[in-house]
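# Close look at the chain arrangement
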Amino acid sequence: MEILFKNSYTRNKELAKEIYRFYYFQRKLLVVIYILFALSFLANIVSVALGEYYNIWVFVFVPLFVALQFYCYFRQVNTMVKRDNELHGKEIEVETIVTDTFIQNTASTGAVNQIEYDKIRNAVQTKNMILLRSKANLIYIFRKDTFEIGTKEEFISFLKAKEITVKGK
């Protein structure tokens, strides 16, 4: 078992913010929905200003939807940090190794998780991370700046060679 890539990170508030920012605000489908809601909201404002027909539900639903997204984002970030502190008393350190047949996470808590490539649905790049999403919706995290063996570019090429779709930057 030759280690092709090695990466490590600390599960902290900064990491949680970037992950959940992506999932609540930066996914393409959500961006399209936000744009459509904004256009609908602005069209209703113009209709009110011109004294024409408008839909009151747009004035109620759009702000509530946006507020709910922010609420869920902040709650998820804080919950992750609080859980780690409550269960372990500190931030969790995770080391990930990549071989030709599997990816393995080893946490400072002693937990070890392994996944084969056929169980990975896709990969997404954020500003500082590469997130692998499994078919069971688990997220495997790779910080772009903490590769100890290999580089982020080589890792992305490796994922593509394993026929894993890599989206983003």
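Structure's up top.
Each chain carries its own residue numbering, running from 1 in the written order of its sequence. Totals for whole chains, interfaces and linings use every residue, but because this is a predicted model, local features are given only for residues with pLDDT of at least 70 and side-chain atom pairs only at 80 or more, for both listing and counting. Water and hydrogen atoms were dropped before computing side-chain values, which therefore reflect all heavy atoms in the structure.

Below, the discussion takes up the sheet that holds strand E9 (residues 166–168). Any two strands with at least two DSSP bridges between them are considered paired. Helix and strand definitions follow DSSP, with helices as H or I runs of at least four residues and strands as E runs of at least two, each counted in order from the N terminus. Judged by pairing direction, the sheet is mixed, and its four strands sit side by side in the order E7-E6-E5-E9 without closing on themselves. Either end of the sheet is taken by a strand with one partner, and the two such strands are strand E7 (139–143) and E9. Across the sheet, the mean angle from the axis of one strand to that of its neighbour is 20°, orientation sign disregarded. Where strand E5 (residues 120–125) and E9 come together, three bridges link them in parallel fashion. In the strand pairing of E9, Gln 125 is matched with Gly 168. Axis geometry follows a simple rule: fit a line to the C-alpha atoms, using only the stretch in contact for helices, then measure angles between N-to-C directions, giving values from 0 to 180 degrees.

Here we come to the packing of aromatic side chains. We describe a pair of aromatic rings using the distance from one ring centre to the other and the angle between the two ring planes. Only Phe, Tyr and Trp rings are paired, with Trp represented by its six-membered ring, and only when their centres lie within 6.5 Å; those with planes under 30 degrees apart are stacked, over 60 edge-to-face, the remainder tilted. Using the criterion set out here, one finds 20 aromatic pairs in the structure. With centroids separated by 5.5 Å and ring planes inclined at 55°, the aromatic side chains of Phe 5 and Phe 158 adopt a geometry described as tilted. Here Phe 5 is found in strand E1 (residues 5–11), whereas its partner Phe 158 is found in helix H4 (residues 152–161), with 153 residues between them in sequence. Note on accessibility: Phe 5 and Phe 158 belong to one class, buried. Measuring from ring centre to ring centre gives 5.4 Å for Phe 37 and Phe 61, while their planes differ by 85°; the resulting arrangement is edge-to-face. Taken as a pair, Phe 37 in helix H2 (residues 28–49) and Phe 61 in helix H3 (residues 56–88) lie far apart in primary sequence, 24 residues in all. With a 1.4 Å probe rolled over the protein chains alone, any residue whose accessible area is under 20% of its type maximum counts as buried; one over 50% counts as exposed, and the rest are partly exposed.

Pairing within the open sheet is antiparallel, and its five strands lie in the order E4-E3-E2-E1-E8. Each edge of the sheet is formed by a strand with only one pairing partner; in this case those strands are strand E4 (112–116) and strand E8 (147–149). Sheet twist, expressed as the average angle between the axes of neighbouring strands with direction ignored, equals 20°. As paired strands, E1 and strand E2 (residues 92–98) are joined by seven bridges and run antiparallel to one another. Looking at E2, one finds that Tyr 9 is bridged to Val 94.

Moving on, we come to a nonpolar patch on the surface. Two joining distances apply to patches: 9 Å for like charges and 5 Å for nonpolar side chains (Val, Leu, Ile, Met, Phe, Trp, Tyr), and every residue must have over 30% relative accessible area and no salt bridge. Working definition of accessibility: Shrake-Rupley area with a 1.4 Å probe, residue cover restricted to the visible protein chains. Whenever Lys or Arg places a side-chain nitrogen within 4 Å of a carboxyl oxygen from Asp or Glu, that contact is recorded as a salt bridge. A surface patch of nonpolar side chains, about 610 Å² in accessible area, is lined by Val 48, Tyr 54, Ile 56, Trp 57, Val 60 and Leu 64. Tallying contributions element by element places H3 first for the nonpolar patch, with four residues. Looking at Val 60, the relative accessible area reads 36%, which means it is partly exposed.

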